[in-house]
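If you want the building blocks of each chain, they are given just below.
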Amino acid sequence: MAETKATCPYCGVGCGVIIQHDGARVIEVRGDPDHPANFGRLCSKGSTLHFTARPETRLIFPELRQGRAEPRARVSWEQALDTAADRFASVIAEHGPDAVGFYLSGQLLTEDYYVFNKLAKGLIATNNVDTNSRLCMSSAVAAYKQTLGADAPPCAYEDFDHTDCLLIAGANPAFAHPIAFRRIEAAKAARPGMKIIVVDPRRTDTAASADLHLAILPGTDIWLFNAMLHVLLWEGYVNMPWVREHTEGFEALREAVREATPATAAQICGVSEADIITAAKWWGEAQAPLSLWCMGLNQSHHGTHNGTALIALSLAVGKIGAPGCGPFSLTGQPNAMGGREVGGLSNLLSAHRDLANPAHRAEVAALWGIESVPEKPGLSAVELFEAVREGKVKALWIACTNPAHSMPQQALIREALEKCEFVVLQEAYANTETAAYADLLLPALTWAEKEGTVTNTERRITHVNAAIPGPGETRADWAIARDFALCLGAKLGRKDVHRLFAYPNAESVFLEHAESTRGRDLDITGLSYAVLDELGPQQWPFPAGASEGRTRLYADGKFETESGKAKFVVPATTLTSEAIDARYPLRLTTGRLRDQWHGMSRTGKAARLYAHVDEPRIELNKADIERRGLRDGDLVSVKSRRGKVVLRAYATEEIKPGHAFIAMHWGRNLLSSSGANELTLNTVDPFSKQPELKHAAVQIEKVDLPHQALLMRSAVYADAANGLALERAAALEPWLRKFDYAVISLAGRDFPSVVLRIAHSEPIPTEWLEQLDALMDLQGDQCMAYADARRGVSKKAMVEEGILTGLRLTGETAAAGWLKELMIERAPTDTVRRWLFAPLPKPPGPGNSRGRIVCNCLNVSENEIKVAVAAGADLAKLQEGLKCGTSCGSCVPELKRLIAEGSKAIV
């Protein structure tokens, strides 16, 4: 078995992984103990990567449709690229270069990004190239530039080991950045006096670990930070000598926060005045204060000023550039940083250059050897799709992202994609929501098959190696962009196209990118693949002649502004873009689950990652549930001013009354609606153009969907079960829109099952059930059947070699829970065979339900943990006895919460 080093393709922590493979298949993954981002640790998602590296649903050859009413058919790469070049060239000739656009992804490698950027801005002469990083990190980019002068996070992960006051705002690293959170937990354990402040409307697992949780109302972050600065001024914590020497604009901000007293902010933010004062004093008294922020601040219509107001707290006390100090933006995607470095956004150019700067445009034009770079600003993500919807952008190239799931106000995105004259989707997976709208599908390599570089949150560049070849006719993303550029350039009459795109391999792209950084703040002219392989992952800057990268920035008090001084910004004081009212009384926030990532095109293929949360839901405070006469698990209609979805409602004490939460992962390939982003709005920040995905005003009401069904199917043997579950899930997807509510998931571990839940307002037609039975292979002599036409009940159970491997309950689903567990646990059916069709809510024999799985690595359930806690187990005893929390550690915050809840129950 061979081993290859790469990085985890999920969050921006940039964990190193070692891929074990046989040259053709990924066998297993483990954390790279030598990688400085994770030192061998992987979270629940990263540690299950090998379960997602399967051929089912992979796109393996180009597909083209000649007309919208026709299905796509396999074509050669030559025909695919020639057709794409013809269509793009025709649009450019008739309507100009700004009638085409490119929408890219923070999951691309830096080399991929670079070639696309050059293709759009250098060859076609349009700046209409943007990325899904616009949805997650563009406000942080703008905040860094407005205050520090450059998009350069000044901190490093090792600062967690040195800070004595950590302020986490609008981030839930316990779920979204678990390996970073493991380091935070370790730092707190080593130094119990370290203060952790968490700002979040919900009591997340991160907030539950804090010394102080400020559960502010959505959109009030700036008021909180201004009030903290007010206290810092009042109590004399501001380092005025440092501020005078190294910053500018402080007087204007001081005047602006004069009226932002803790008492005023407390009323606006919905937290106590005393807590605001405590947070400010802890920050002011700290020798090394460090802030972390992510989507909760960025995904706002004043996301840039959320960031500048938070950064101002570090500048005010003069604590930046030293160990444990500074403002640290967490990135949401594995290579969002790399995309920012090559100018992947429509307002940027390579190496942190600004499109609006004539000198910067001239520098890039000289580097590329072209006459000029277009000066007209490109369209950001929301603007781009609106231009597509209006018919201004007529040809759209989408690479490695899924806007038909991730963009806000999904109804408008569907309309745009339907209207677009020519849509190209460059993807690894054939069944994403966006694939349905593609005229041309181009098969790309995925994480274990690619070579290039990625840059993580702490500016650390890693050389990623390909472990296995891609299946079928898949190609590297940078190579697809290069080949398209060569084809398009010929049709545009560009005689210099072969010189512009003379890239024989990925490293040739990297070296050109590195040259573009010479003399810039992110200078990496001292790096090559060989250097990265020899020295390991390195932080930038790493100029020619350097022997190592720089851990922290701005220790000398000099910043990347014209004056060399950092800038204070007077922030806006508006709240959320959309206010609640009598009709839409609930504040909805969106976010992530622990074990899923983005649109689930990868994590959704690992059955065990559904064990923690197996169905999309809306979470509400218990008081809001009771006020509406609801019970846990009731289906409700969730409606905003833009659309509605049907979800199950669950009560939680982690949310205050008047609030609601929906995870953003489920979309139309697994759910009968577009999920959370059917409800969100596309209002954007004026500086970053990032949409306010985090908040919407909604209403809920119970829906009456009495006709319910549950279908499950597995297989006797593990290899067959894995493949069949994914194939059947893909085949079920077209059925979702037939029902008022339907959701597809997976279940199990070594023997995955596909699960289809249905709830409908009308009786489910018999012919539909017959078709679903056929699709799920619930037929034949081994399939037992029961029907009661008078009661509208019909049931089927497939028993193979004494194991329940298939199930369909219609009209009466009381036994769904224990039958599902019977299938997942692979328990013999001999003793319960006669009860398979009985309307029993609990198993007929001894034994209790295990409940949901809390520790995915070791398959430890919630009920097992509760029993141990009731018997007096603390965290150490749980880890010793049940082994939960001893592998990736992602479940540790929840274990602590269950222990705390158990202690309260005993008292």
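Here we summarise the structure given alongside this text. (Residues numbered from 1 in each chain as written. Predicted model: local features only at pLDDT ≥ 70, side-chain atom pairs only at ≥ 80, totals over all residues. Heavy atoms only, no water.)

### What about the sheet that holds strand 31 (residues 753-760)?
In spatial order, the strands read 30-31-29-34-33-32; together these 6 strands make up an open sheet with antiparallel pairing. Of all the strands in the sheet, just strand 30 (741-747) and strand 32 (783-788) have a single pairing partner and so form its edges. For this sheet the average axis-to-axis angle between neighbouring strands, irrespective of direction, equals 10°. Pairing of strand 32 with strand 33 (residues 793-800), which is carried by 6 bridges, proceeds in the antiparallel orientation. The residue bridging Ala785 from the neighbouring strand is Lys796, located in strand 33. Across the face of the sheet, helix 25 (residues 718-732) comes into contact with strand 29 (707-713), strand 30 and strand 31 while running at roughly 25° to strand 31. Against the sheet, helix 27 (residues 816-824) contacts strand 29, strand 30, strand 31 and strand 34 (803-810), and its axis sits at roughly 155° relative to strand 34. (Pairing = 2+ DSSP bridges. Helix = DSSP H or I, 4+ residues; strand = E, 2+ residues; numbered from the N terminus. Axes fitted to C-alpha atoms, helices over the stretch in contact; angles between N-to-C directions. Contact = heavy atoms within 4.5 Å.)

### Observations concerning the packing of helix 2 (residues 77-95) against helix 20 (residues 477-491)
Put simply, helix 2 and helix 20 touch, their axes get as near as 9 Å, and they point 55° apart. It follows from the interaxial angle that helix 2 and helix 20 lie oblique. Where helix 2 crosses over helix 20, the two elements pack in a sense that is right-handed. Together, Trp77, Leu81, Asp82, Ala84, Ala85, Asp86, Phe88 and Ala89 of helix 2 and Ile480, Asp483, Phe484, Cys487, Leu488 and Lys491 of helix 20 make up the contact between the two elements. When its residues are assigned to classes, the contact of helix 2 with helix 20 shows 10 nonpolar, no polar and 4 charged. (Parallel < 35°, antiparallel > 145°, perpendicular 65-115°, else oblique. Left-handed = near helix turned anticlockwise from the far one by under 90°. Nonpolar A, V, L, I, M, F, W, Y, C, P; charged D, E, K, R; others polar.)

### Brief notes about the pairing of strand 20 (residues 460-464)
For strand 20, a buried count of 5 out of 5 residues is recorded, marking the element as mostly surrounded by other parts of the structure. Because side chains alternate across strand 20, one face comprises the buried residues Arg460, Thr462 and Val464, and the other comprises Ile461 and His463, equally buried. In this sheet, strand 20 lies alongside strand 19 (residues 452-455) in antiparallel orientation, the contact comprising 4 bridges. Note on strand 20: the bridge partner recorded for Gly452 is Val464. Pairing of strand 20 with strand 21 (residues 538-539), which is carried by 2 bridges, proceeds in the antiparallel orientation. Residue pairing across strands places Arg460 opposite Gln539, the latter belonging to strand 21. (Buried < 20%, exposed > 50% of the residue type's maximum accessible area, 1.4 Å probe, protein only.)

### Considerations on the sheet that holds strand 19
Spatially, 19-20-21 is the arrangement adopted by the 3 strands of the open sheet, whose pairing is antiparallel. With one partner strand each, in any of the chains shown, strand 19 and strand 21 form the two edges of the open sheet.

### Section: the side chain of His21
Secondary-structure assignment places His21 in strand 2 (residues 16-21). For His21, a relative accessible area of 6% gives the class buried. In this structure the side chain of His21 is engaged in a polar contact, spanning 3.1 Å, whose partner is the backbone nitrogen of Gly23. Those residues in contact with His21, other than ones at most four positions away along the chain, are Met1, Ala2, Glu3, Thr4, Val26, Ile27, Ala467 and Ile468. (Polar contact = N/O pair within 3.5 Å; in protein donor to acceptor, adjacent residues only side chain to side chain.)

### Some thoughts on the packing of aromatic side chains
Aromatic rings considered in pairs are described by the distance between their centres and by the relative angle of their planes. As enumerated under the stated definition, the model contains 23 aromatic pairs in all. When the ring of Phe88 is compared with that of Phe422, the centres are 6.4 Å apart and the planes differ by 80°; the resulting orientation is edge-to-face. On the criterion of sequence distance, the pair formed by Phe88 in helix 2 and Phe422 in strand 17 (residues 422-427) is long-range, its members being 334 residues apart. Each of the two residues, Phe88 as well as Phe422, counts as buried. Clustering of aromatic rings is evident, with ring pairs tying together Phe88, Phe102, Phe116, Trp397, Phe422 and Phe484. Directly above the ring of Phe661 sits Arg202, whose terminal nitrogen or CZ lies 3.6 Å from the centroid. Positioned over the ring face of Phe751 is Arg826, at 3.9 Å from the centre of the ring. (Phe/Tyr/Trp six-rings, centres within 6.5 Å; stacked < 30°, edge-to-face > 60°. Lys NZ or Arg CZ within 6 Å of the ring centre and 35° of its normal.)

### Remarks on the state of the cysteines
In this structure the tally under the stated criterion is 0 disulfides. Among the cysteines around Cys8, which has no disulfide bond, Cys43 carries the closest sulfur, lying 5.8 Å off. (Disulfide = S-S within 2.5 Å.)

### Considerations on the environment of Glu473
By the secondary structure assignment, Glu473 is in the loop between strand 20 and helix 20. Classification of Glu473 as partly exposed rests on a relative accessible area of 27%. Those residues in contact with Glu473 that lie beyond four places of it in its chain are Ile60, Phe61, Pro62, Arg74, Val75, Trp77 and Pro443.

### Structural notes on the pairing of strand 26 (residues 644-652)
The side chains of a regular strand alternate between the sheet's two faces. As judged from the 5 bridges shared by strand 24 (residues 617-621) and strand 26, these two strands associate in the parallel manner. What sits directly across from Arg617, in strand 26, is Arg648. Turn length for the strand 25 (residues 635-639)-strand 26 hairpin, with the two strands adjacent in sequence and antiparallel, is 4 residues.

### Concerning the packing of helix 17 (residues 381-389) against helix 19 (residues 410-419)
One can describe the packing of helix 17 onto helix 19 by two numbers: an axis separation of 8 Å at closest approach and a directional angle of 50°. Compared by their axis directions, helix 17 and helix 19 come out oblique. Crossing hand, helix 17 versus helix 19: left-handed. Counting all contacts with helix 17, which are made through Phe385, Glu386, Val388 and Arg389, the residues of helix 19 involved are Leu412, Ile413, Glu415, Ala416, Leu417 and Lys419.

### With respect to the pattern of salt bridges
Between side chains of opposite charge, a pair can form as their charged atoms come close. Using the criterion set out here, one finds 69 salt bridges in the structure. With its nearest N and O atoms 3.9 Å apart, the salt bridge here joins Glu185 to Lys896. Of the two residues, Glu185 is situated in helix 6 (residues 178-190) and Lys896 in helix 30 (residues 892-906); the sequence distance between them amounts to 711 residues. Take Glu185: its relative accessible area is 15%, and that puts it in the buried class. Judged by its relative accessible area of 38%, Lys896 falls in the partly exposed class. Note that Asp624 is salt-bridged to Arg627, the shortest N-O span being 2.6 Å. Highlighted residues: Asp624 and Arg627, both in helix 24 (residues 622-627), separated by 3 residues, approximately one helical turn. (Salt bridge = Lys/Arg side-chain N within 4 Å of Asp/Glu carboxyl O.)

### As for the nonpolar core
One finds Phe88, Phe102, Leu119, Met228, Trp397 and Phe484 to be the most contacted residues of the largest nonpolar core, which totals 176 residues. Those residues in contact with Met228, other than ones at most four positions away along the chain, are Leu167, Ile276, Ala279, Ala280, Trp283 and Leu313. Judged by nonpolar contacts, the second largest core, of 57 residues, contains Leu630, Ala663, Leu705 and Cys783. (Core = buried A, V, L, I, M, F, W, Y, C linked by side-chain atoms within 4.5 Å.)

### Digging into empty space enclosed by the protein
Over the atoms, a rolled probe matching the size of one water molecule traces out where space is still vacant. Applying the stated criterion across every chain yields a total of 6 cavities of 30 Å³ or more. Taken as a whole, the second largest cavity holds about 200 Å³ of empty space. Only helix 25 and strand 30 provide two or more residues apiece to the lining of the second largest cavity. By residue number, the principal contributor to the lining of the second largest cavity is helix 25, which donates 3 residues. For the lining of the second largest cavity, the per-class residue count stands at 8 nonpolar, 6 polar and 2 charged. (1 Å grid on protein atoms, 1.4 Å probe; cavity = no way out; pocket = protein on both sides within 12 Å on 5 of 7 lines; lining within 4 Å. Points joined across faces, edges and corners; volume = space filled by probe spheres on them.)

Without other data, these values stay purely geometric and don't point to any function.
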